Amino acid sequence: MRTQVAIIGSGPSGLLLGQLLTNAGIDNVIVERSTKEHVLGRIRAGVLEEGMCAMLDEAGAGARMHAEGLPHDGVNLAFDGSLHRIDLHDLTGGKRVMVYGQTELTQDLMDKREETAGQTVYEAADVVPHDFAGDKPYLTYRKDGVEHRIDCEFIAGCDGYHGAARKAAPEALLKTYERVYPFGWLGIIAEVPPVNDELIYANHPRGFALCSMRSQTRSRYYVQVPAEEKVEDWSDERFWDEIRRRLPDEAGEAMTTGPSIEKSIAPLRSFVAEPLRFGRMFLVGDAGHIVPPTGAKGLNLAASDVRYLFDALQEFYREKSPAGIDGYSARALNRIWLAERFSWWMTTLMHRFPDTGEFGQKIQHAELDYLVQSKAAATSMAENYVGLPY
Ligand code: APR
Ligand code: PHB
């Protein structure tokens, strides 16, 4: 098989890049390790920046997001028994975020790909990128016991943190930066109306809590737990008791509880790989970087990577110019580090750390006070939360 751009991974990065390329008449094939159902079964974040929404529209897959997504003009910080609203809309001159689950967005992109006859190979085992240092790269993989090869002009590694692309990068050229946080998030989804019509990020002596949502009737809630915690030890009842204790009374008392339909623990990590380009292979999205979920930047960073790479590839094919490709890594990394900083900052502000002691808690408290008292501080948070420009 031959194509122009071989894409590894059919998560949001691969699907979005693939669709933009297809719409621009640039041939591409997606090679995905899992089944479609498995990809759609993964529960991830659900807060989209306007830049991400615009790209979904550009891909031609934004209609359901506009119809069913929930635009939010603010978020709430909870501490010391009170809720404090950060007015994202006013502080940013009219910007807002869209609450729409990654699962839905992935489904919409898969539907669009099918509609436009984009080619995806699911259940492709042992995907390996080859010869990307030269100008005739190719991918190999195995499906149903048969070896396959895709000759291409570029390889886009959109294959997540555990993918094949970063593993194939020459060790001597790759540098990674990492911080692992000493806690995880225990998250549930339940068919209950959200406790608030906007998100609540809570700093509490018992640990962080987050009240998010997927719709008017479906809630997505999280509590900070120690890194080694086992999900089996958390009955629904224990979860509801714990999250209510971490919220201001008015919110805890107003919370509707019900059976969970999903429950899992995710570790928190900050990670960046540099560079994001190795000859004719690129790293995009989670393949190149991870943020802790506080602030919901993971999916949105994938979108800005795709923006830069798509523009670069289009420039290459339309104008025969390699300038965009040469600049991809530096451009993407600039925005990635800004989002890494924000995600690290918000994580540090909102969680209980085992080793920072009372001094650390006093500083957190002062910073939260500063955020709600100072328009400058709140504006800084708001402009990052709605997403820095790209
Ligand atoms: N070969 C083929 N496909 C692979 C391989 C491999 N060796 N390794 C991983 N994949 C596939 C995964 O099965 C997955 O479908 O690559 C896809 C990567 O998708 P994501 O992990 O979702 O990463 P990405 O598309 O970059 O999405 C950005 O934003 O909200 C955050 O972390 C969240 O997934 C989200 C991310
Ligand atoms: C979510 O809805 O899953 C979510 C929302 C906000 C975050 C993280 C996750 O910061």
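Residues numbered from 1 in each chain as written. Chains lettered and ligands numbered in written order. Predicted model: local features only at pLDDT ≥ 70, side-chain atom pairs only at ≥ 80, totals over all residues. Heavy atoms only, no water.

Asks: Residues and numbers for the site of ligand 2, please.
Replies: With respect to spatial proximity, 15 residues lie near ligand 2, and among them Y201, S212, R214, Y222 and P293 are the closest. S212 is positioned with one of its side-chain polar atoms (N or O) 2.6 Å from an oxygen atom of ligand 2. Measuring from an oxygen atom of ligand 2, one finds a side-chain N or O atom of Y222 at 2.5 Å. Protein coverage of the free-state accessible area of ligand 2, which is 280 Å², stands at 99%. If you list the elements that add at least two residues to the shell around ligand 2, you get β15 (209-213) and β16 (219-226). The residue makeup of the shell around ligand 2 includes at least three contributed by each of domain 1 (5-72 + 100-177 + 269-347) and domain 2 (181-268 + 352-386). (Near = heavy atom within 4 Å. Polar contact = N/O pair within 3.5 Å; in protein donor to acceptor, adjacent residues only side chain to side chain. Areas by Shrake-Rupley, 256 points an atom, 1.4 Å probe, with all protein chains shown as cover. Helix = DSSP H or I, 4+ residues; strand = E, 2+ residues; numbered from the N terminus. Domains from an automatic or database assignment.)

Asks: Describe the sheet that holds strand β20 (residues 289-290), listing the residues and the values that go with them.
Replies: Across the sheet, eight strands lie side by side as β6-β5-β14-β15-β16-β13-β17-β20; this open sheet has mixed pairing. Strands at the two margins of the open sheet, each flanked by one partner only, are β6 (82-86) and β20. When strand β17 (residues 260-274) meets β20, the two strands line up antiparallel, connected through two bridges. Bridge assignment links F271 to a residue of β20, and that residue is I290. Helix-sheet contacts for helix α11 (residues 323-350) involve β5 (75-79), β13 (175-190), β14 (200-202), β17 and β20, and the interaxial angle to β17 is about 130°. (Pairing = 2+ DSSP bridges. Contact = heavy atoms within 4.5 Å. Axes fitted to C-alpha atoms, helices over the stretch in contact; angles between N-to-C directions.)

Asks: So, the sheet that holds strand β2 (residues 28-31): which residues are in play, and what are the values?
Replies: Ordered by their spatial adjacency, six strands build an open sheet running β8-β2-β1-β12-β19-β18, and the pairing between neighbours is mixed. Edge positions in the sheet fall to β8 (119-121) and β18 (277-278), since each of these pairs with one other strand and no more. Across four bridges, the pairing between strand β1 (residues 5-8) and β2 is parallel. In the sheet register, V5 faces β2, and the bridge partner there is N28. With respect to the sheet, helix α10 (residues 298-319) is in contact with β1, β12 (154-157) and β19 (281-283), its orientation differing from that of β12 by roughly 175°.

Asks: An account of the pattern of salt bridges is requested, with residue identities and associated values reported.
Replies: This model, assessed by the stated rule, comprises 24 salt bridges. Residues E191 and R218 are paired through a salt bridge, measuring 2.5 Å at the closest nitrogen-oxygen approach. With a gap of 27 residues between them, E191 in the loop between β13 and β14 and R218 in the loop between β15 and β16 connect regions that are remote in the sequence. Relative accessible area serves as the criterion here: at 44%, E191 is assigned to the partly exposed category. Looking at R218, the relative accessible area reads 31%, which means it is partly exposed. (Salt bridge = Lys/Arg side-chain N within 4 Å of Asp/Glu carboxyl O. Buried < 20%, exposed > 50% of the residue type's maximum accessible area, 1.4 Å probe, protein only.)

Asks: Which residues make up the site of ligand 1, and what values go with them?
Replies: The local shell around ligand 1 holds 24 residues, among which S13, E32, R42, R44 and D286 are the closest. Interatomic distance of 2.7 Å between a side-chain N/O atom of S13 and an oxygen atom of ligand 1. Separating a nitrogen atom of ligand 1 from a backbone N or O atom of D159 is a distance of 3.5 Å. In the complex, 92% of the free accessible area of ligand 1, which totals 710 Å², lies under the protein chains. Elements supplying a minimum of two residues to the shell around ligand 1: α1 (12-23) and α10. Here the shell around ligand 1 gets three residues from one element, more than from any other, and that element is α10.

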